[in-house]
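# Chains, contacts and geometry: an overview
Here is how the chains run, residue by residue.
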Amino acid sequence: MKRENFGSKFGVLAAAAGSAIGLGNIWRFPYIAGKNGGAAFIFVYIIFVIVMGTPLMISELVLGRHTRSNSVGAYKVLRPNSKWKYTGILAVVTSFIILSFYSIIAGWVFTYLQQSFTGKLIKVVPDQLESYFVSLSSNASSALFWNAIVIGLTAFIVISGIKNGIEKYSKVLMPILFFTLVALMIRSLTLDGAKEGLKFLFKSDFSQLTTKSLLEALGHAFYSLSLGMGIIITYGSYINREENLVSLSLQIITADTLMALMSGMVIFPAVFAYGFEPQSGPSLIFITLPAVFQAMPLGAVFETLFFLLVGIASITSTISLLEVSVSFVTEEFKINRKKATALLALGVFILSIPSTLSFGVWSEVQLFGKNIFDFMDFMASYAFLTIGGCLTCIFVGWVWGSQNAFQELTNDGAHPMKGYKIYNFIIKFIAPIAIGLIFLYSTGIIKL
Ligand code: PHE
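These figures come from a predicted structure and were not determined experimentally.

## Concerning the packing of aromatic side chains
Taken as a whole and judged by the stated rule, the model has 30 aromatic pairs. Ring centres 5.4 Å apart and planes at 75° place the aromatic pair F178 and F179 in the edge-to-face group. Take F179: its relative accessible area is 57%, and that puts it in the exposed class. Look at F328 and F333: their rings are 5.5 Å apart centre to centre, the planes differ by 80°, and that puts the pair in the edge-to-face class. On the accessibility criterion, F328 (14% relative accessible area) is buried. For F333, a relative accessible area of 51% corresponds to the exposed category. Grouping aromatic residues by their ring pairs yields a cluster made of W27, F101, W108, Y112, Y132, F133, F286, F293, F306, F307, F359 and F373. Against the face of F378 rests K370, its NZ or CZ located 4.6 Å from the ring centre.

Structure below.
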């Protein structure tokens, strides 16, 4: 079977940036930046994405492109009959679990999109928004219905393959996302009182930069760039030899960071202009923002645009998550793409049921002191992701060897490049240690 490739440079960028830009950029980054010292935190974050994110992104891209394999196959090609394939399997498991709960939140987003489009959401009185959200997320049948829509849409795109599926849709969706974000940003920044929000996001307070916030910045950089779960390896395997992977990595990272900052400039000026408190996590976009839109002239229009934006950001991430297991199953078990996508989509849906129920009838069920949703999130986003990322660095730096990775990067010398020593040093020493620290911190093994 002939392996597909991305058809254009813009297509690769749109798909990879589409994966990176997700809920993490929209609701997590702006909030943690505001809380942890504003511009000071953003400054450190940018240093981290450049110094740590670029070498890691490059490493995953070369692993995929060199082996032309899915995230498990890549290890099998380079170290046949070794245990390294389990690093790839861990990546498949991680992305599968993340998809199972990410799609629940994406489902809420689509519910809100439908409710704002039909004008219902704007009519809910502000006092009722919280109970509106709680009743919506705890209603299992509607949550599962919207979850199924998200998984169905994701499968619909993935089933058509790389060029006619993932690339085709990313190329349309990413520009829409960008222009929607620009429109919303202009609206937000021109509100009276927008300044307070900008102050929250961009004030510069180095005293709030603690070891804890540094680790938070690093951990977020990693998650936001979709590293450590086989996505970039998989996308890398569809990139042709002529592509310059360094400039591609830098473009992905710039797009991801820019969109995170722009989201902050959409959300906080509006929140502060109407006298609300910045919240974290789901309540920010599902409770606070709808109240903000109600106070805004033409609020219903901006509300619809906002949920459209978040909906697109989540779909371009869910397709990358599903593609990791689809490419694994099609290539390792020789099952055709249609069947593999359908089976895996069904599997993800089934796995998402317990997490969905944990917002309602199963809210009391606890695993290690967490409800099911939080437990899944914790295992995948904190434990597995960091272990996988750390093993990837060790594999590229020490086992396959950074010279080989660099050789692939330069396309066997066709694009001569400087910087080998720095790359080698980061991938062998700095990155594994730093990711190891994130693991210890975010799993609570070390407390700060
Ligand atoms: N990078 C995405 C974000 O910022 C999150 C994500 C994680 C997407 C894992 C896909 C896979 O939201």
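Now that the structure has been shown, we can carry on.
## Observations regarding the site of the ligand
As a structural note, the neighbourhood of the ligand is formed by 14 residues, with A20, G24, N25, S224 and M229 the closest of them. One nitrogen or oxygen atom from the main chain of L23 is found 3.1 Å from an oxygen atom belonging to the ligand. N25 has a polar side-chain atom sitting 2.9 Å from an oxygen atom of the ligand. Protein chains shield 100% of the accessible area of the ligand, which is 320 Å² for the free molecule. With 3 residues, helix α2 (residues 23-35) is the largest single contributor of residues to the shell around the ligand. Of the residues contributing to the shell around the ligand, the split by class is 7 nonpolar, 7 polar and no charged.

## Let's talk about the packing of helix α5 (residues 85-117) against helix α13 (residues 281-295)
The interhelical angle for the contact between α5 and α13, taken along N-to-C directions, is 10°, at an axis separation of 11 Å. On the basis of their axis angle, the class for α5 and α13 is roughly parallel. Residue-level contacts link I105, W108, V109 and Y112 of α5 to P282, F286 and P290 of α13. Partitioned by chemical class, the residues of the contact of α5 with α13 number 7 nonpolar, no polar and no charged.

Rules used throughout
- Residues numbered from 1 in each chain as written.
- Predicted model: local features only at pLDDT ≥ 70, side-chain atom pairs only at ≥ 80, totals over all residues.
- Heavy atoms only, no water.
- Phe/Tyr/Trp six-rings, centres within 6.5 Å; stacked < 30°, edge-to-face > 60°.
- Buried < 20%, exposed > 50% of the residue type's maximum accessible area, 1.4 Å probe, protein only.
- Lys NZ or Arg CZ within 6 Å of the ring centre and 35° of its normal.
- Near = heavy atom within 4 Å.
- Polar contact = N/O pair within 3.5 Å; in protein donor to acceptor, adjacent residues only side chain to side chain.
- Areas by Shrake-Rupley, 256 points an atom, 1.4 Å probe, with all protein chains shown as cover.
- Helix = DSSP H or I, 4+ residues; strand = E, 2+ residues; numbered from the N terminus.
- Nonpolar A, V, L, I, M, F, W, Y, C, P; charged D, E, K, R; others polar.
- Axes fitted to C-alpha atoms, helices over the stretch in contact; angles between N-to-C directions.
- Parallel < 35°, antiparallel > 145°, perpendicular 65-115°, else oblique.
- Contact = heavy atoms within 4.5 Å.

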